[in-house]
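Single-letter residue listing:
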Amino acid sequence: MQRDNSADDQQDVSPRAATSRRRFLTVTGSATLATALAGCQFGEDSETETATEGSTGVNTATESETETETGPSFVGTEGTAFTLGDGQFTPLGGNHPQLRKQSSEEQETWFDEWLEVVPDLNVLRATAWGNGTENTEVPLQPEPGEYNERAFRLLDRVLYQFGRLGVRLVLPLANYWDWRGGIPQYVEWSEEAESKADFYTDEQCRTWYREFVRTVLERENTITGVQYRDDPTVMLWELANEPEGGEAFRQWVADTADYIKSIDDNHLVSTGMGMATSATEFAAAHDAESIDAYSLHVWADPQHTGIGPDGGVEVMQAHKEAADDLDIPLYVGEFGWSVDRTDDTPDYRELNRRNRIFEGWFLAMRELDVAGSLVWDLRYDSEYPLGWNH
């Protein structure tokens, strides 16, 4: 999802009552896709709460133990499913793009609420990039080829905390958008590149990005003493957040995934691609030897694509067929539905409708056998509301 760079690092949160908690959906039993969708009443309002607090919405009973005789296993794939140890692994969780820069106290609050409210979730998608000095966040790479030890120690702490909880991480290594100094920052640094499309072919950009990737993968965590490439806490590396492009982009995907695998053959790699109604170009980009999983984001609300809840299901179905043809797992790295929560008196009819939309999507993902899903996003009480992230 594209972010507002200027708003990200502002003091834009206000507390809400500690009794207010995020509600998650209970989805039980089985249903055909048509029956599941028919029962969700996407377009109707209701005063009735449809969510049950503390449940996850997807059956993860097929997951196996994560421990082996030598320690935790790395997440792998078998055909269109993720695996862990000897069994299937169903990634279920959310996103939190600012967790790395938060204080120890803020992180502890977040983890406490995670364990209280959503203890069964097993994956978080965070950020492993941060370039330039245009915002107040401590950047990992303030200048080309220069790395900020303080910022990397904050990332060390994130991997340590999640490893301690047994929760896996999906980590994008760059950002297509300008938020937090993504690909546009590399382009700005370059003497030759003029657009984001140039990033994929410009030698300076490619070199700086690859040097950054190697620095991340070979980083020795100052808390655990384990290099990132050897840490099973990482489920999957994404080349970037929502990258896109044509033929040059597809070649960059293949080359970059190969490069990552040459350094780190423990972890899965995906593109991190975002939202598209057509699966053709996505399939072409994911049809690379070193790409292990198929990334998709689902944004169907009026503030984004406007295709509606049923349109979101159709997108998932089209991309699932493409992933099946490639024989790799499809995971929905982001899905969301914007509602106005900028004050402490939200419209619960609107929230209830969103809950029913999510319920319909969970049912559809189960019926389609989507391998995993990560909601946008997971926040705790003191972060509410985020004005730029309704």
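Conventions we followed
- Residues numbered from 1 in each chain as written.
- Predicted model: local features only at pLDDT ≥ 70, side-chain atom pairs only at ≥ 80, totals over all residues.
- Heavy atoms only, no water.
- Pairing = 2+ DSSP bridges.
- Helix = DSSP H or I, 4+ residues; strand = E, 2+ residues; numbered from the N terminus.
- Axes fitted to C-alpha atoms, helices over the stretch in contact; angles between N-to-C directions.
- Salt bridge = Lys/Arg side-chain N within 4 Å of Asp/Glu carboxyl O.
- Buried < 20%, exposed > 50% of the residue type's maximum accessible area, 1.4 Å probe, protein only.
- Contact = heavy atoms within 4.5 Å.
- Expected span 1.5 Å × (residues − 1).
- Arc of directions from axis to C-beta.
- Patch = residues over 30% accessible without salt bridge, like charges linked within 9 Å, V, L, I, M, F, W, Y side chains within 5 Å.
- Areas by Shrake-Rupley, 256 points an atom, 1.4 Å probe, with all protein chains shown as cover.
- Lys, Arg positive; Asp, Glu negative; His and termini not counted.
- Charge placed at Lys NZ, Arg CZ, Asp CG, Glu CD.
- Parallel < 35°, antiparallel > 145°, perpendicular 65-115°, else oblique.
- Left-handed = near helix turned anticlockwise from the far one by under 90°.
- Nonpolar A, V, L, I, M, F, W, Y, C, P; charged D, E, K, R; others polar.

J.: For this particular structure, what's the right way to read the sheet that holds strand β5 (residues 87-89)?
T.: Where strands meet in a sheet, backbone hydrogen bonds hold them as pairs that are either parallel or antiparallel. In spatial order, the strands read β3-β4-β5; together these 3 strands make up an open sheet with antiparallel pairing. Whereas interior strands pair on both sides, the edge strands pair on one side only; in this sheet they are β3 (76-78) and β5. Direction aside, the axes of adjacent strands within the sheet are offset by 55° on average. As paired strands, β3 and strand β4 (residues 81-84) are joined by 3 bridges and run antiparallel to one another. Its bridge partner being in β4, T77 is matched across the sheet by F82.

J.: Can you help me understand the pattern of salt bridges in this one?
T.: Think of it this way: side chains of opposite charge can pair up when their charged atoms draw near. Enumeration over the complete set of coordinates arrives at 11 salt bridges. Between D156 and R219 there is a salt bridge, with its nearest N and O atoms 2.7 Å apart. Here the residue D156 occupies a position in helix α4 (residues 149-165), and R219 occupies one in the loop between α6 (203-217) and β9 (234-238), the gap between them amounting to 63 residues. In this pair, the class of D156 matches that of R219, namely buried. Across the salt bridge formed by D324 and K320, the nearest N and O atoms sit 2.5 Å from each other. Taken together, the residues span about one helical turn, with D324 and K320 both in helix α9 (residues 308-326) at a distance of 4 residues.

J.: Just to check I follow, could you spell out the environment of Y186 for this structure?
T.: Tracing the backbone shows Y186 in helix α5 (residues 183-189). Taking the C-alpha atoms as reference points, Y186 and F199, separated by 13 residues in sequence, lie 7.3 Å from one another. The residues contacting Y186, other than those within four sequence positions of it, are N131, Q141, F199, C205, W208, Y209 and F212.

J.: Sorry if this is basic, but what is going on with the sheet that holds strand β6 (residues 92-95) here?
T.: What the 8 strands build is an open sheet, ordered β10-β9-β8-β7-β6-β13-β12-β11; its pairing is parallel. Looking at the sheet topology across the chains shown, the edges are occupied by β10 (268-270) and β11 (294-299). Across the sheet, the mean angle separating the axes of adjacent strands is 25° when strand polarity is ignored.

J.: Mind showing me how you'd approach α6 here?
T.: Each full turn of the α-helix corresponds to 3.6 residues, which orients residues three or four apart in the same direction. Between its terminal C-alpha atoms α6 stretches 21 Å, which fits the 21 Å expected from 15 residues at 1.5 Å a residue. Along α6, the residues that are buried comprise C205, R206, W208, Y209, F212, V213, V216 and L217. The arc enclosing the buried residues of α6, seen along the axis, measures out at 165°, which places them on a common side. Packing partners of the buried residues in α6 comprise α4, α5, β9 and α7 (247-263).

J.: Looking at this structure, how should I read a negative patch on the surface?
T.: Residues E105, E106, E108 and D112 make up a contiguous surface patch of negative charge. Here D112 is to be found in helix α3 (residues 104-117).

J.: Please explain the environment of S195 as it appears in this structure.
T.: Along the chain, S195 falls in the loop between α5 and α6. Given the relative accessible area of 32%, S195 is considered partly exposed.

J.: How should the packing of α3 against α4 be read in this particular structure?
T.: Each packed pair of helices is defined by two parameters, the angle between the axes and the distance between the axes. With their axes 12 Å apart at the nearest point, α3 and α4 run at an angle of 25° to one another. Looking at the two axes, α3 sits roughly parallel to α4. Along this stretch, α3 crosses α4, giving a crossing that reads as right-handed. Residues S104, Q107, E108, W110, F111 and L115 of α3 pack against R157, V158, Q161, F162, R164 and L165 of α4. Residues belonging to the contact of α3 with α4 are distributed by class as follows: 6 nonpolar, 3 polar and 3 charged.

J.: Any chance you could explain the pairing of strand β8 (residues 168-172) here in plain terms?
T.: Remark: a regular strand shows side chains that alternate across the two faces of the sheet. In terms of residue burial, β8 counts as a mostly covered element, since 5 of its 5 residues are buried. Alternating residues of β8 divide into R168, V170 and P172 and L169 and L171, and every residue in both groups is buried. Here strand β7 (residues 123-125) pairs with β8 via 3 bridges, running parallel. Within β8, the residue paired with V123 across the bridge is R168. Pairing between β8 and β9: 4 bridges, direction parallel. The residue bridging P172 from the neighbouring strand is E238, located in β9.

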